[in-house]
Amino acid sequence: MTVRTRIAPSPTGDPHVGTAYMALFNWAFAKSQGGEFIVRIEDTDVARSTPESERMILEALKWIGIPWDEGPDIGGPHAPYRQSERKDLYRQHAEQLVDAGHAFACFCTPGRLDEVRAEQRAAGDNPGYDGRCLALPADEVADRIGKGEAHVIRMRIPEEGTCRFHDELRGAIEIPYSQVDMQVLIKADGFATYHLAVVIDDHLMGISHILRGEEWINSVPKHQLLFGYFGWDMPVMIHLPLLRNPDQSKLSKRKNPTSINFYRDAGYLPEALVNYLGMMGWSMPDEREMFDKEEFMAVFDVHRISLGGPVFDLEKLNWLNGQYVRKLDADDFMDRLAQWSVNRDRLSELVPMIQERTEHFADIIPQVDYLLGDRRTLTAADFEHKKLDAEAVGEILYYVSQDLDGLRPWERDGLYALCQEQADHMGLKMRDFLFPLFVAISGRAISLPLFDSMMFLGSDITRLRLREALNAVGVSKKQTKRLDKRYRAFRR
Ligand code: GLU
């Protein structure tokens, strides 16, 4: 049997370090067994998926240097590798399940489902589908579908008993079926859900081993049933530990930059990042801390992965990156620096900002320090302003940072427009409104033009600086909740 692994990222945002981590482990496992590694794009969530996000994910994987054998960009024997292009396949398979009695049409409205869940919660039960449409007579179902009534397809779950499966890392796992919901397989809009698509694709693409994050363990009962309903063998399951913040919570962008683009833009070396990801839940048999992906692959053994939550610690990564930077010979060092930002392309973005403001070239350096380098560390005192109290400063930083998280594409006009809207909404002059943003971005009340600076820094670094500014002004959990409520009311 050929070992075949895959990552199946959903293109719904920035390329996440968690995706790179999964890619590295899946690649290493497949290659250590002489197998193949596949990238499949799981864009079943049509509303949130974007081609831009897919492009960034593939670029990020290229940047960190993990190659794939089949994928949406290079094709392969099991094309297409994008779930949105496999819709008919899912539909046909769902029909097979309905015909065999393993799945059924459900006409319950979202309103009814909400009521059912509310009642279940009130009674202290697990919320889930109550099975109302299970018993509908076949002719009624055919009739209602014929009349075009909105419906979904749900899978049947055994009423009793326990799902038992083996996880190569965790051993025997048992989950009672009473905890498993009658999962929707085909949504009312005709699109498959993740659970149906993942099973069909993993089978048809010949995936032999599924290495994915531990957050999917609870989905295995559904997947195992579906594999069984279709009469297929389930791939070997290997659920890897989730990356964590230093405080042990799940890695989140509130506490750590999670976008690979951030690490690229901030001038990390991809080989250092890959090395660091290789230390998540893994240590080399000889305890070496510096290794490349080939060395990792050569000794990779899935049973050596440790399950204690691996901490993604920026300080440790900085240390490791420093080791790599110092190892470069002078030519390499210069080439890498130029590849990063000290090059004509990047300078050409600065010229319109700085030329007018320059008498002699030495003026340039202090003007662009926060653009090419980190800006200084901020404190609450930096945000004092005669027209804005601390609450307003928090509000501005919070609102803009929420808006920027969703801003695509990253364009000057869009940035300007959303600030203008927020300023109007808060009844503030644009000049005053922008003050906390100048401080957050440049560390100064006056700097090069704000929106040009944000364009130059890019989305990831800009958003990180805003989050750091929010931390510096010390917005409490309670205040964040209040701000979030007001923000949602405004942006609804
Ligand atoms: N699309 C899922 C995700 O984004 C993939 C889960 C899996 O690997 O089965 O995490």
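Residues numbered from 1 in each chain as written. Predicted model: local features only at pLDDT ≥ 70, side-chain atom pairs only at ≥ 80, totals over all residues. Heavy atoms only, no water.

**Focus on the state of the cysteines**
Using the criterion set out here, one finds zero disulfides in the structure. As a non-bridged cysteine, C133 has C108 as the owner of its nearest cysteine sulfur, 3.7 Å distant. (Disulfide = S-S within 2.5 Å.)

**Structural notes on the nonpolar core**
In this structure, F312 and L437 are the most contacted members of the largest nonpolar core, which totals 102 residues. In terms of residue count, the dominant contributor to this core is helix α1 (residues 17-32) (eleven residues). Residues contacting F312, with those up to four places away along its chain left out, are V17, L243, R244, P246, L251, N256, Y263, L273, Y276, L277, M280 and L317. Of all hydrophobic cores here, the second largest spans 48 residues; its members include Y81, I175, Y194 and L225. (Core = buried A, V, L, I, M, F, W, Y, C linked by side-chain atoms within 4.5 Å. Buried < 20%, exposed > 50% of the residue type's maximum accessible area, 1.4 Å probe, protein only. Helix = DSSP H or I, 4+ residues; strand = E, 2+ residues; numbered from the N terminus. Contact = heavy atoms within 4.5 Å.)

**Regarding the site of the ligand**
Taken together, the neighbourhood of the ligand is formed by R6, A8, S10, E42, Y194, V198, R212 and W216. In this structure, A8 approaches the ligand through a main-chain N or O atom, which is 2.7 Å from a nitrogen atom. S10 places a polar side-chain atom, nitrogen or oxygen, 3.2 Å from a nitrogen atom of the ligand. Computed on the free molecule, the ligand has an accessible area of 300 Å², of which 82% lies beneath the protein chains in the complex. (Near = heavy atom within 4 Å. Polar contact = N/O pair within 3.5 Å; in protein donor to acceptor, adjacent residues only side chain to side chain. Areas by Shrake-Rupley, 256 points an atom, 1.4 Å probe, with all protein chains shown as cover.)

**Here we look at the packing of aromatic side chains**
A complete count under the given rule lists 19 aromatic pairs for this structure. Ring geometry for Y263 and Y268: centres 5.2 Å apart, planes at 70°, overall edge-to-face. Each member of the pair, Y263 as well as Y268, carries the same accessibility label: buried. Put simply, the rings of Y21, F25, F29, W282, F291, F296 and F300 pair up and form one aromatic cluster. The ring of Y129 carries the charged tip of R154 above its face, separated from the ring centre by 3.9 Å. The lysine or arginine in question, R304, covers the ring of W282, its NZ or CZ lying 5.0 Å from the ring centre. (Phe/Tyr/Trp six-rings, centres within 6.5 Å; stacked < 30°, edge-to-face > 60°. Lys NZ or Arg CZ within 6 Å of the ring centre and 35° of its normal.)

**Comments concerning the packing of helix α17 (residues 430-442) against helix α18 (residues 450-473)**
Working note: a packed helix pair is described by the angle between its axes plus the distance between those axes. Packing of α17 against α18 brings their axes to within 9 Å, and their N-to-C directions diverge by 75°. If you check the angle between α17 and α18, you find them roughly perpendicular. Across the interface between the two elements, M430, L434, L437, F438, A440 and I441 of α17 pack against L450, F451, S453, M454, L457, T462, R465, L466 and A469 of α18. Grouping the constituent residues of the contact of α17 with α18 by class yields twelve nonpolar, two polar and one charged. (Axes fitted to C-alpha atoms, helices over the stretch in contact; angles between N-to-C directions. Parallel < 35°, antiparallel > 145°, perpendicular 65-115°, else oblique. Nonpolar A, V, L, I, M, F, W, Y, C, P; charged D, E, K, R; others polar.)

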